[in-house]
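Each chain is listed here by its residues.
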Amino acid sequence: MKKLLVIGTVAMAMVACTTKQAEPQKTVAQQLLERLDSLQKKGIMYGHQDDPMYGLTWEYDKDSSDVKNVCGDYPAIMGFDLGGIEMGDKKNLDSVPFTRMTEEIQNHYRRGGIVTLSWHPRNPVTTIEGGGWAGQKFPEGTAWDVTDSAVVKKILPGGEFHEKFEGWMQRVSDFLATLKDDNGQKIPVIFRPWHENSGSWFWWGEKLCTVEEYKALWNMLQDKLKADGFDNLVWSYSPGCQDGLTAERLLDRYPGDDRVDMLGLDGYQWVPEEKDKFIERTKQNLEVLCAVAKEHNLIPALTETGMKNMTQPDWWTSTLLPAVKDFPISYLLTWRNYKEEWFGPAPSKADAKYFVDFYNDEKTLFQNDIK
């Protein structure tokens, strides 16, 4: 009887071991999603575009950051853009060297931070390979060139520029392959292509392609990168904030639950006079965003925001925080600090002291809060 009991115990242990081994290993993207879900319960992460690259008074200094120089901490989220990688350029559309981008992504991941990537590819119809674009004035040939109303159709399978765009997607893939940690493992990334599609200022915008064409564009890029083994990408679908946003409008071009992990909105305040409107619209939009995200099991975020040149110094505490603090969004990201146009804090500007208050608020999370 004892022998039978031992045999039975061993057999049960073998079954349990086999069952455990059969459990699929979580992808890098799934691990990031679990982390985002956990951090979402703690507060709202602050993000900043190109944060370690340049500021209002410096460029490419090692370990520098306007955010850190104001509050003593790095942003929890850092954003970077791949525009220009499709051309084989060494620098992106904002003159950031791609080698430096890889380095700073690795640095931020090493610190425990989270990275998000956007992509503003040039217009594949009006851009000439090897020769810049077909003109000298912005926005000819750039992502903002909407002179051809059928760009998306022309780069989809069967289109006359499809082969060309396949090469462009391959260059994105080649760059993503450089994003490895110290152990050679893939770094998780929130990937946000084809954003602000509810407007028509980009060649993939609402009036430039049909719903079906937009979804096909999304699927084409996603299928390519998944086929290349990039299971480290959290896919963010991010249209723009809109007056009177509805769930139906938000999901108008939504690629599907099987293709999206994060649901975001981009929305800015441009002048002080728009303060009340910004708060009202942001609250209304985030209410819809969070409800839809919950229904579709997605992580919600304010994927771009800011006030140009901070002409309202107390914006951080009088406007932004009241607009977002009551909503369970994962993060908000303000756009880059450039000497002619900035959206984040800077030590030399009047908004710095208000940003410190924003930093100290229990609702906001920075790099040291998420390590």
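Residue indices follow the written sequence of each chain, beginning from 1 at its first position. The predicted nature of this model means local features are confined to residues of pLDDT at least 70 and side-chain atom pairs, given and counted, to a pLDDT of 80 or more, with totals for whole chains, interfaces and linings taken over all residues. Note that the side-chain values use all heavy atoms of the structure and ignore hydrogens as well as water.

Colleague: Can you break down the overall build of the protein chain residue by residue, with the values?
Modeller: Along the backbone of the protein chain there are 12 helices and 11 strands. Based on C-alpha atoms, the radius of gyration is set beside the globule rule, defined as 2.2 Å times the residue count to the power 0.38. Taking 21 Å as the expected radius of gyration for a compact globule of 371 residues, we find that the protein chain reaches 22 Å, a close match to that expectation. Viewed in the frame of its principal axes, the protein chain has a C-alpha envelope of about 85 × 55 × 45 Å. A total of 371 residues make up the protein chain; the buried ones form 55% of that total. A total accessible area of about 16,600 Å² is found for the protein chain, and carbon and sulfur atoms account for 52% of it. Taking the average location of the 43 positive side-chain charges in the protein chain and that of its 56 negative ones, the two points are 4 Å from each other. For helices the rule is a DSSP run of H or I covering at least 4 residues; for strands it is a run of E covering at least 2, with both sets numbered from the N terminus onward. Only protein chains enter the accessibility calculation, which uses a 1.4 Å probe; a residue is then buried when its area is under 20% of its type maximum, exposed when over 50%, and partly exposed in between. Under the convention used here, a 1.4 Å probe and the Shrake-Rupley method define accessible areas, while residue burial counts only the protein chains that appear. Only four residue types enter the tally: Lys and Arg on the positive side, Asp and Glu on the negative side; His and the chain ends are excluded. Think of each charge as sitting on NZ of Lys, CZ of Arg, CG of Asp or CD of Glu.

Colleague: Describe the pairing of strand E8 (residues 331-334), naming the residues involved and giving the relevant values.
Modeller: Neither face of E8 is left uncovered, since the one carrying Tyr331 and Leu333 and the one carrying Leu332 and Thr334 both have all their residues buried. By definition, two strands form a pair when at least two bridges between them are found by DSSP. By the bridge criterion, 4 bridges tie strand E1 (residues 44-49) to E8 in an arrangement that is parallel. Across the sheet, the residue bridging to Gly47 is Leu333, located in E8. Across 2 bridges, strand E7 (residues 299-307) lies against E8 in parallel orientation. In the strand pairing of E8, Thr305 is matched with Thr334.

Colleague: Explain the side chain of Arg100 to me, using residue names and the numbers behind them.
Modeller: Mapped onto the fold, Arg100 is located in helix H4 (residues 98-111). The criterion used for residue contact is that any of the two residues' heavy atoms lie within 4.5 Å. Excluding anything up to four places from it in sequence, Arg100 contacts Pro52, Met53, Tyr60, Asp61 and Lys62.

Colleague: Got a sec to walk through unusual backbone geometry? Specific residues and values, please.
Modeller: Despite not being glycine, Ser95 shows a phi value in the positive range, around 65 degrees. According to the relative accessible area criterion, Ser95 is partly exposed, its value standing at 43%. A positive phi angle, close to 60 degrees, is found at Asn297, a residue other than glycine. Among the structural elements, Asn297 can be located in the loop between helix H9 (275-295) and E7. For Asn297, a relative accessible area of 71% gives the class exposed.

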